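# Descriptive structure summary
Each chain is listed here by its residues.
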Amino acid sequence: MGGSQSRNNLISRIVMICFFIILFVIIMIPFYAVTLSSFKPGESLIRYGLNLSLDFNIMSFDNFIYLFTGQHDYFTWFWNSMFVTIAQVVLTLFVSAFVAYGFAAYDFKGKNFLFICVLLIMMVPFEILLVPLYSLINDLHLVNSYSAIILPGIANAGTIFFFRQYLRSIPKEIIQSGRVDGANEYAIYFRLIMPIMKPSFAAMAILNGMNSWNNLLWPFMVLGDQSKFTLPIGLKTLLTPYGNNYDLLIVGSFFSIIPIFILFIAFQKYFIDGMTAGAVKG
Amino acid sequence: MIKKFVYSQKVAPYVFVLPFIFIFLIFWSYPLLNSFIMSFQDRMLGQDPKWIGEANYSKLLTDKVFLTAIKNSVVYMLGTLVLLIPFPMLFAVMINSKLMLGREFFKSSFFLPALTSVAVAGTIFRLTFGEMEGSLMNSFLGLFGVEPVKFLKDGEWSMAALLILACWRWTGVNMLYYLSGLKSIDNEYYEAASIDGASAWQKFKNITMPLLKPTTIYVTTISVYAGLAMFTESLMMFNGNNSPKNIGLTIVGYLYRQGIEKNKLGYAAAVGIVLLVIAMVINLTQLKFSGMFKKEED
């Protein structure tokens, strides 16, 4: 009885692991194909499509040399993306955490109503606001500026929600003791509370950073000037109905994934905390 | 005097939430309200609006292209629900099992696709589903003797391509949601069931699935929104907002076409309102049937 049980376990273990290895291979194929293609001339991509053939005759570092030394805007877009991502993360985190502290630390008139507003924002797809938001940005003369990307999301509902959940676990005694010591309300937040929020800042920095780095639609709508493009927009413009610049597109796509992969490997735990933040019941 | 006012314990909370109130009013409430108003207007950017009542809505009802867009978005959403809930749940249960090895490795590697931007992932899949004989998908189908397919010119194939892209990007993420849901299930339930001689399937059906319900509700809710509001995936896959016979056109794609490409702001706003209503109705029904509201009343 016991023997057949452990044999069954061994079989299910092998089946399961094989199954996951197959899944792993399937998931990795697109990455592998892109990596391969970044070493092949764009012309071969046009002729044969994206494939897995390992043909050393046509593979070279030409695309990489072109990426780093050629005449194109890739690195303008790359640094624009860096700038927008960093600015957006810093400002969004600063403002959202500040707001979340107000919700978590105090009872005040209108608090419930305001918190329902936070939830409401999370419930309505942003896309339906595209048109009125665009005309608002136009009226405010913010078209073609990075403020148009950063400002609307600066008090980010999801981020506020996450920080509030996190802050609720912080003992109220800390706030009380701060008051006893004569610190004012803001000093309590900045000197006592903010330092202990570090892990939640890390999780939200990564989640917001990832979204910002990959954001396409809204920046694409509000940025018209090629010198201001972020990376996803720039990559998109390499595909046109009149012809595609595959030489730069594939190597550029490959290279744009790398910063995020490095961050992911370094801060895996925070990525996962940030991603699953919403699913944890409050 | 002002300093004392701002520093008082009564006023401080309002100072803290003030940035939210500003952003909420300026960048959310105002556009949303404006969207309602615009949807009853004939309006172009930089011109005076004209009030036309419900004309935009009655025009939408008979707009065949809009109905195609709704159909595409709804089919896509249903596809993501069917593919991106049961399978990630099952994978999470398998990864979580005691028999599994290399848990962390699989968890992180399944997550990697979610790190790629739509611009990059869409490009990769656009090429994977290229019409050439040698492109990835066609050479795969070729192994089974299938003739090369022009995926992105055929309605059903291109929907399949969009769904495969969605699965590739989101399976790992939904699996993580389920894994964090599984963590909160007490092991005692399983031990008790084992003593009663329950099979693995019975345990899954009677313990795991019901206790994962909050996660399932969450994943369903976000999938409904994300599915109905999908646009950039199609934009990248078809290299623009114009797909042959609109096979890749989604509701938001149509909103974009009318509002941004054709500058018909009023008509686009009406599309947005219809989308909002559809999303709300589906999700509220879903939440009602899953007993979400009942629980809050208790």
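Going along each chain's sequence as written, the residues are numbered from 1 onward. Each chain takes a letter, starting from A, and each ligand takes a number, starting from 1, following the order in which they are written. In keeping with the predicted nature of the model, local features appear solely for residues at pLDDT of at least 70, side-chain atom pairs appear and are counted solely at 80 or more, and the whole-chain, interface and lining totals rest on all residues.

### Some remarks on the overall build of chain A
Assigned secondary structure in chain A consists of 15 helices and two strands. The C-alpha radius of gyration of chain A comes to 24 Å, more than 25% above the 19 Å expected for a compact globule of 282 residues. Judged by the C-alpha coordinates and their principal axes, chain A covers about 75 × 75 × 35 Å. Think of it as a crowd count around each C-beta: if 20 or more other C-beta atoms lie within 10 Å the residue is buried, if 12 or fewer it is exposed, and in between it is partly exposed, with C-beta placed from the backbone throughout. When each of the 282 residues of chain A is scored for burial, the buried share is 41%. What counts as a contact is two residues whose backbone-derived C-beta atoms lie within 7 Å of each other. Residue pairs at least 24 apart in sequence account for 74% of intrachain contacts in chain A once pairs closer than 6 positions are excluded. By definition, any uninterrupted DSSP run of H or I lasting at least four residues is a helix, any uninterrupted run of E lasting at least two residues is a strand, and each is numbered from the N terminus. Here the radius of gyration uses the C-alpha set of atoms, whereas the globule reference equals 2.2 Å times the residue count to the power 0.38.

### So, the interface of chain B and chain A
The partner chain A presents 73 residues to the 73 residues of chain B that form the contact. A total of 17 residues in the side of chain B that touches chain A trace back to one element, the largest contributor, which is helix H2 (residues 12–38) of chain B. Class assignment for the residues of the side of chain B that touches chain A results in 52 nonpolar, 21 polar and no charged. Each residue gets one of three labels, nonpolar for Ala, Val, Leu, Ile, Met, Phe, Trp, Tyr, Cys and Pro, charged for Asp, Glu, Lys and Arg, and polar for the others, Gly among them.

### Digging into the confidence of the model for chain B
Residue and element names in this part refer to chain B. As a per-residue measure, pLDDT reflects the predictor's confidence and takes values from 0 up to 100. In this model, chain B carries an average pLDDT of 89, and 98% of its residues clear a pLDDT of 70 or more. The element-level mean pLDDT for chain B is lowest in helix H16 (residues 292–297), coming to 54, with helix H4 (residues 64–84) highest at 96. For this predicted complex, the interface score ipTM comes out at 0.86, while the overall pTM is 0.90.

### So, the packing of helix H6 (residues 103–111) of chain B against helix H9 (residues 155–183) of chain B
Residue and element names in this part refer to chain B. Every axis corresponds to a line fitted to the C-alpha atoms, with the helix fit spanning only the stretch in contact, and the corresponding angles, defined between N-to-C directions, vary from 0 to 180 degrees. It is at 7 Å that the axes of H6 and H9 come closest, and there the two elements cross at 130°. Between H6 and H9, the crossing angle belongs to the class labelled oblique. On H9, the residues that touch Lys107, Phe110 and Phe111 of H6 are Thr171, Gly172, Val173, Met175 and Leu176. The residue inventory of the contact of H6 with H9, partitioned by class, reads five nonpolar, two polar and one charged. An angle below 35 degrees is read as roughly parallel, one above 145 as roughly antiparallel, one from 65 to 115 as roughly perpendicular, and any other as oblique.

### Some remarks on the environment of Leu133(A)
All names here are of chain A. Locating Leu133 in the fold gives a position in helix H6 (residues 130–139). The buried category is assigned to Leu133, around which 24 C-beta atoms lie within 10 Å. Note: C-alpha distance between Leu133 and Trp218 (85 residues apart in sequence) is 9.8 Å.

### Points about the domain arrangement of chain A
All names here are of chain A. Annotation of chain A at the domain level lists domain 1 (2–68) and domain 2 (72–279). Here the bounds of each domain stem from an automatic or database domain assignment. The C-alpha centroid of domain 2 is placed 32 Å from the C-alpha centroid of domain 1. Across the contact, 12 residues belong to domain 1 and 10 residues belong to domain 2. The set of elements that each furnish at least two residues to the side of domain 1 that touches domain 2 consists of helix H1 (2–37), helix H2 (42–48) and helix H3 (62–69). With four residues, H3 is the single largest residue contributor to the side of domain 1 that touches domain 2. For the side of domain 1 that touches domain 2, a count of residues per class yields seven nonpolar, five polar and no charged.

### Details of the nonpolar core
Put simply, a nonpolar core is a cluster of buried Ala, Val, Leu, Ile, Met, Phe, Trp, Tyr and Cys residues tied together by C-beta atoms within 7 Å. Within the largest apolar cluster, 152 residues are counted, with the highest numbers of intra-cluster contacts made by Val99(A), Ile160(A), Ile251(B), Leu255(B) and Val271(B). If you count residues domain by domain, this core takes at least three from each of domain 1 (2–68) and domain 2 (72–279) of chain A. With residues up to four places along the chain from it excluded, the contact list for Ile251(B) reads Ala69(B), Ile70(B), Ser73(B), Leu228(B), Val271(B) and Leu275(B).

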